[in-house]
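# Inside the fold
Read off the chains here:
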Amino acid sequence: MESDGAVYKHFQRYLEVIRFRASTNNLLVAASELKGRYWTGSLSFYDNIDTCSFAKPLSSSKAEFGIADATWLTDEAVVTVGDSKGVDYWSLHDNHFQLEDCTEEQHDGTVSSVSVNATGTVVASGSEDSDVRLWSAVDRSLRDVFSHHIDAVTCVRFSPTQPNCLLSCSRDGTVALCDDRTPSSLLSGTQLASLPTALAWQPGNDSGFVVGDESGFIGVYDIRGGSGVMVTGRLVHHREVTRLEFHPINTDIVASTSNDHVSVCVCDTSSQLQTIYSSTEHQDFARCSVWHSNSPYTLYTCGWDGKILRHSTGPVLKEMTSLSEAPIIAETPITVNPQ
């Protein structure tokens, strides 16, 4: 199944992140561009995604570094990470992003992922230096450093309901659950068969999350009782999973983007991850997805082909019960090493 035909061409090619501002049609687009030997970045702001021209954003701000990840901190502020090796803070003035501050202390490598906790007070960053760092969103100071990984951190994600709980995954093959209130920091570590690349907590579920890896496999996990169990899993893609995004209302539905030819998939986690929608329209790596804040069955994706695609999944989601059954994968125990 393909997208509904809405294809928007951005003025830069390497699109990394698209994010709606809370409860609005305002959209943040983070992109990078290779200039000679160095990467530069940009943040673009679109006032109304339903009526705008993606070739002409309301505003666009340049960065002297590549941007790997970005997220809204508040309705008027954004944090980005990338080649700057720190966390960069941008404010929105008159619909224009301005770089306000950056962390004084930095990672020792490119920062690949950023997340903000549920109260908006703490920012987490994960880097190629194998560290996960926590920063105060108020004064930008370094709060804590987690060094439980031994290889590059690929993704960090705060729990949507517990502001002190954080998931991180790394190219050392582990997914870790951290809590900055505990002296040991690391509560549990899960060893995976392939290198994990993307994470997402299931909304409304304090113990459920999904993991995507470099082989294209996506697993659904439950960490209740201090042990990690893969409830179900399936090879959804054939190359690295780049982003996982749960549906805001039907929290069993998760969208995934990948570097393979089936660049976008929407799966049902309550039905053995059966695919209920897929698209092959991106012509280069698909990097990010986001559900429309005011049109919950519309999914937007972006990629390194410079395109933003709109996918209408409403008819499919409403007819989920009539779809064919996917292969069942038995509940599989995962080795957990409490610290």
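Here, every reference points to the structure presented above.
Residues numbered from 1 in each chain as written. Predicted model: local features only at pLDDT ≥ 70, side-chain atom pairs only at ≥ 80, totals over all residues. Heavy atoms only, no water.

## Side note on the overall build of the protein
Which entries qualify depends on this criterion: Secondary structure elements follow DSSP: runs of H or I of four or more residues count as helices, runs of E of two or more count as strands, with numbering from the N terminus. Exposed residues in this analysis have more than 50% of their type's maximum accessible area, buried residues have under 20%, and partly exposed residues fall in between, with area computed by a 1.4 Å probe over protein chains only. Contacts are assigned to residue pairs with any non-hydrogen atoms lying within 4.5 Å of each other. For every accessible area listed, the method is Shrake-Rupley and the probe measures 1.4 Å; residues are considered covered only by the protein chains on display.
For the protein, the helix and strand inventory stands at one helix and 29 strands. Counting over 339 residues, the protein shows a buried share of 59%. Partitioning the intrachain contacts of the protein with sequence separation of at least 6 by distance along the chain shows that 47% fall at a separation of at least 24. On the protein, roughly 13,800 Å² of surface is accessible, and the fraction owed to carbon and sulfur atoms is 48%.

## What to know about the side chain of Ser-159
The criterion, for reference: Under this definition, polar contacts are N or O atom pairs within 3.5 Å; protein pairs additionally need one hydrogen-donor-capable and one acceptor-capable atom, and for neighbouring residues in sequence, both atoms have to be side-chain atoms.
Along the chain, Ser-159 falls in the loop between β14 (153-158) and β15 (165-170). Looking at Ser-159, the relative accessible area reads 1%, which means it is buried. Here the side chain of Ser-159 touches Thr-161 through a polar contact of 3.2 Å, landing on its backbone nitrogen. Sequence-distant contacts of Ser-159, that is, excluding residues within four places in its chain, are made with Ala-118, Cys-165 and Trp-201.

## Some details on the environment of Gly-216
Relative to the helices and strands, Gly-216 is located in the loop between β19 (208-213) and β20 (217-222). Gly-216 sits in the buried class, given a relative accessible area of 0%. Along the chain, Gly-216 and Asp-260 lie 44 residues apart, while their C-alpha atoms are 8.4 Å from each other. In this view, Gly-216 contacts Arg-234, Leu-235, Val-236, His-237, His-238, Arg-239 and Val-241; residues no more than four positions away in its chain are not counted.

## Overview of the side chain of Lys-307
Heads up, the condition is: When charges are counted, Lys and Arg contribute as positive and Asp and Glu as negative, whereas His and the chain ends are disregarded. Salt bridge criterion: a side-chain nitrogen from Lys or Arg within 4 Å of a carboxyl oxygen from Asp or Glu.
Assignment of secondary structure puts Lys-307 in strand β28 (residues 307-312). Among buried Asp, Glu, Lys and Arg side chains, Lys-307 stands out as unpaired, with Asp-305 the closest opposite charge at 5.0 Å. In terms of polar contacts, Lys-307 uses its side chain to reach the side chain of Gln-283, at 3.1 Å.

## Focus on the pairing of strand β7 (residues 77-82)
Which entries qualify depends on this criterion: Here, any two strands with at least 2 DSSP bridges between them count as paired.
Taking burial as the measure, the six residues of β7 include six buried ones, the bulk of the element. Of the two faces of β7, the one lined by Ala-77, Val-79 and Val-81 and the one lined by Val-78, Thr-80 and Gly-82 are each fully buried. The pairing of strand β6 (residues 67-74) with β7 spans six bridges and is classified as antiparallel. If you follow Asp-69 over to β7, its bridge partner there is Val-81. The antiparallel pairing of β6 with β7 creates a hairpin that spans two residues between the two strands. Pairing of β7 with strand β8 (residues 87-93) involves five bridges; the strand directions are antiparallel. Bridge assignment links Ala-77 to a residue of β8, and that residue is Ser-91. A loop of four residues connects β7 with β8, the two strands running antiparallel in sequence, and Lys-85 in this loop sits at a positive phi of about 70°.

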